[in-house]
Amino acid sequence: LQVFAQGLLGAGIAILYLSAYASFNFYHLVPLAAAFVLMSVVTLTAFLHAVRYDSFAVSLLGWFGGFLTPFLLSSGEANETGLFTYILLLDIGLAAIFLKKTSWTLLELLTFAATWATYILWHGAFYSEEKLGTTIVFLTLFWGVFLGLDIAMTWKRVISFPRLRHWIYSLNAVIYYVALYIILNARHSNWTAPAALAPGAVYFLTVLGGKRFWKEAEDHHDRRALIAIALLAVATGIHFSGYALVIAWSLEALALVWSGTYWRMPPVWMAALGLFAFAVMSLIDTIKAAFEPLPL
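Each chain carries its own residue numbering, running from 1 in the direction its sequence is written. Local features in this predicted model are restricted to residues whose pLDDT is 70 or higher, and side-chain atom pairs enter the listing and the counts only when it is 80 or higher, whereas totals over whole chains, interfaces and linings include all residues. With hydrogens and water excluded, all non-hydrogen atoms of the structure serve as input to the side-chain values.

1. Focus on the overall build of the chain
Part 1 of the argument: In this text, helices come from DSSP runs of H or I with a minimum length of four residues, and strands from runs of E with a minimum of two, each type numbered from the N-terminal end. Secondary structure assignment for the chain yields 11 helices and 0 strands.
Part 2 of the argument: The order of α-helices and β-strands along the chain, N terminus first, is α-α-α-α-α-α-α-α-α-α-α.
Part 3 of the argument: C-alpha atoms of the chain, sized along the principal axes, occupy 75 × 50 × 25 Å.
Part 4 of the argument: Exposure classes here rest on a 1.4 Å probe applied to the protein chains alone. A residue is buried below 20% of its type maximum, exposed above 50%, and partly exposed in between. Within the chain, the fraction of its 296 residues that count as buried is 42%.
Part 5 of the argument: When checking whether two residues touch, look at their non-hydrogen atoms; a contact exists if any pair is within 4.5 Å. In the chain, the proportion of contacts linking residues at least 24 apart, taken out of those at least 6 apart, comes to 72%.
Part 6 of the argument: Neither His nor the chain termini are counted; the positive set is Lys and Arg, and the negative set is Asp and Glu. By convention, charge coordinates are those of NZ in Lys, CZ in Arg, CG in Asp, or CD in Glu. Separation between the mean location of the 16 positive side-chain charges and that of the 15 negative ones in the chain comes to 11 Å.

Written out as structure tokens, the structure is:
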């Protein structure tokens, strides 16, 4: 009986989606803004019923409708603020659901993928230099939603699907920085190193706070520490070169050895060994370059 009821609920939500879409696109009964509001209300209704009746299938239907709405109702114009505000609000609402339904990890993965896929599609079709500031703000907000979700999951001590969540939250940092690098490197390359340092500092602060308040969540602290180390190493590699880079990476590696030992975090001092290896390879390349014959 419960499955049958959920099937009827899903069918009703699907009909509402189709009705709102058809009233705008086929019959032209309502304007774009009204259709957008109608489909957003249907999405909200789907998620509320999914949580109330603990129906993952209905939540998937709401997820599809929610992320497809801006594409189905697209006017072909580059409305960055409208699109990304909608996606941001959708992400925040879904994050609240994930904190209540911690076993819906697949939906969490789909939301993460859809959010960044939407940005990538928009960037390829509409991005231009004058949108730089607004784009950086929304990229940071998207990254912040999933970082905040990561911290909240740690606070709640959620232990379901730990490896999948580690991948999601690690990729969040990678995609965020790569997206920043792409839009900054063309005309603002001097900002690519600070763009790595800033989120790296945030991750470092989460490690400090986590070690103080959530000592038992060692795997989460290790992951965020490794992300912070990677961003620091990237920023150093962008800003320095030659012997200065060798010295900088070596000093960072020494600091990491001390930090990993002091905090009893083996992954940190193991990362230090990797950074030492990069410093040695950089030193070898620098020496080779110094002894190469000058072109005639």
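Next comes the rest of the description.
2. Quick look at the environment of Gly-242
Part 1 of the argument: With respect to the secondary-structure elements, Gly-242 resides in helix H10 (residues 242-262).
Part 2 of the argument: The exposure class assigned to Gly-242 is partly exposed, which follows from its relative accessible area of 26%.
Part 3 of the argument: In sequence terms Gly-242 and Thr-286 are 44 residues apart; their C-alpha atoms lie 5.5 Å from each other.
Part 4 of the argument: Setting aside chain neighbours within four positions, we find Gly-242 in contact with Ser-282 and Thr-286.

3. Re the pattern of salt bridges
Part 1 of the argument: Each reported salt bridge corresponds to a side-chain nitrogen of Lys or Arg within 4 Å of a carboxyl oxygen of Asp or Glu. For the coordinates displayed, the defined rule picks out 4 salt bridges.
Part 2 of the argument: A salt bridge links Glu-108 to Arg-165; its shortest N-O distance comes to 3.2 Å. Within this pair, whereas Glu-108 is found in helix H5 (residues 105-126), its partner Arg-165 is found in helix H7 (residues 162-185), the two being separated by 57 residues in sequence. Like Arg-165, Glu-108 is buried.
Part 3 of the argument: Arg-224 is paired through a salt bridge with Asp-150; the nearest N and O atoms lie 3.1 Å apart. Placement of the pair is Arg-224 in helix H9 (residues 218-239) and Asp-150 in helix H6 (residues 132-155), with a sequence separation of 74 residues.
Part 4 of the argument: Look at Asp-150 and you get buried, because its relative accessible area is 1%.

4. Quick word on unusual backbone geometry
Part 1 of the argument: One non-glycine residue, Arg-157, lies in positive phi territory at about 60°.
Part 2 of the argument: Relative to the assigned elements, Arg-157 resides in the loop between H6 and H7.

5. Overview of the packing of aromatic side chains
In this description, a pair of aromatic rings is defined by centroid distance and the angle of the planes.
Part 1 of the argument: Aromatic pairing here means that ring centres of Phe, Tyr or Trp (its six-membered ring) are within 6.5 Å. Orientation follows from the plane angle: under 30 degrees is stacked, over 60 is edge-to-face, and everything else is tilted. Here the structure, examined in full by the defined rule, presents 20 aromatic pairs.
Part 2 of the argument: Geometrically, the ring pair formed by Phe-56 and Trp-104 is edge-to-face, given 5.8 Å between the ring centres and 70° between the ring planes. Within this pair, whereas Phe-56 is found in helix H3 (residues 56-72), its partner Trp-104 is found in the loop between helix H4 (80-100) and H5, the two being separated by 48 residues in sequence.
Part 3 of the argument: For Phe-56, a relative accessible area of 26% puts it in the partly exposed group.
Part 4 of the argument: Taking the relative accessible area as the measure of exposure, Trp-104 reaches 5% and is therefore buried.
Part 5 of the argument: With a centroid separation of 5.4 Å and 90° between ring planes, the pair formed by Phe-112 and Phe-146 is classed as edge-to-face. Placement of Phe-112 in helix H5 and of Phe-146 in helix H6 is noted, with a sequence separation of 34 residues between them.
Part 6 of the argument: On the basis of relative accessibility, which here comes to 5%, the residue Phe-112 falls in the buried class.
Part 7 of the argument: Connected via pairs of aromatic rings, a cluster forms that spans Phe-84, Trp-116, Tyr-119, Trp-122, Tyr-127, Phe-138 and Phe-142.

6. Description of the nonpolar core
Part 1 of the argument: Nine residue types can take part in a nonpolar core, namely buried Ala, Val, Leu, Ile, Met, Phe, Trp, Tyr and Cys, and a core is a set of them joined through side-chain atoms within 4.5 Å. Of all hydrophobic cores here, the largest spans 62 residues; its most connected members are Leu-94, Trp-116, Tyr-119, Leu-139, Ile-183 and Tyr-203.
Part 2 of the argument: In this structure, Tyr-203 is in contact with Trp-143, Leu-147, Tyr-169, Asn-172, Ala-173, Arg-224, Ile-227, Ala-228 and Leu-231, ignoring residues within four places of it in sequence.
Part 3 of the argument: Ranked by size, the runner-up nonpolar core spans 14 residues in total, among them Ala-233, Trp-249, Met-265 and Val-268.

7. Section: the packing of H3 against H5
Part 1 of the argument: Packing of H3 against H5 leaves a shortest axis separation of 11 Å and a crossing angle of 5°. Relative to H5, H3 is oriented roughly parallel. For the pair formed by H3 and H5, the contact residues are Phe-56, Ser-59, Leu-60, Trp-63, Phe-67 and Phe-71 on the first element and Leu-106, Leu-107, Leu-110, Thr-111, Ala-114, Thr-115, Thr-118 and Leu-121 on the second.
Part 2 of the argument: Put simply, Ala, Val, Leu, Ile, Met, Phe, Trp, Tyr, Cys and Pro go in the nonpolar bin, Asp, Glu, Lys and Arg in the charged bin, and everything else, Gly too, in the polar bin. Per-class residue counts for the contact of H3 with H5 are 10 nonpolar, 4 polar and no charged. Lines fitted to C-alpha atoms define the axes, with helix axes restricted to the stretch in contact, and inter-axis angles between N-to-C directions lie between 0 and 180 degrees. Here is the rule for angles: anything less than 35 degrees is roughly parallel, anything more than 145 is roughly antiparallel, 65 through 115 is roughly perpendicular, and the remaining ranges are oblique.

8. A few points about the side chain of Glu-252
Part 1 of the argument: Structurally, Glu-252 is set in helix H10.
Part 2 of the argument: Leave out the neighbours within four places in its chain, and Glu-252 touches Leu-232, Ala-233, Thr-236 and Leu-275.

9. Things to note about H6
Part 1 of the argument: Between its terminal C-alpha atoms H6 stretches 34 Å, which fits the 34 Å expected from 24 residues at 1.5 Å a residue.
Part 2 of the argument: Downstream of H6 by one or two residues, Arg-157 has phi in the positive range, about 60°. In this analysis, the expected span of each helix is defined as 1.5 Å times one less than the number of residues it contains.

10. Looking at the layout of surface pockets
Part 1 of the argument: A cavity, in this analysis, means grid points on a 1 Å lattice covering only the protein atoms where a 1.4 Å probe fits yet has no way out; a pocket is instead an open set bounded by protein on both sides within 12 Å along at least five of seven lines, and a residue lines either one if it has an atom within 4 Å of a point. Grid points are joined across faces, edges and corners, and a volume is the space filled by probe spheres set on the points. Considered as a void within the structure, the largest pocket measures approximately 420 Å³ in volume.
Part 2 of the argument: Lining the largest pocket are 19 residues, and of these Pro-70, Ser-74, Glu-77, Asn-79 and Leu-83 lie nearest its centre.
Part 3 of the argument: Broken down by secondary-structure element, the contributors of at least two residues to the lining of the largest pocket are helix H2 (32-52), H3, H4 and H5.
Part 4 of the argument: Top contributing element to the lining of the largest pocket by residue count: H5, with 5 residues.
Part 5 of the argument: When grouped by side-chain class, the residues that make up the lining of the largest pocket number 13 nonpolar, 5 polar and 1 charged.

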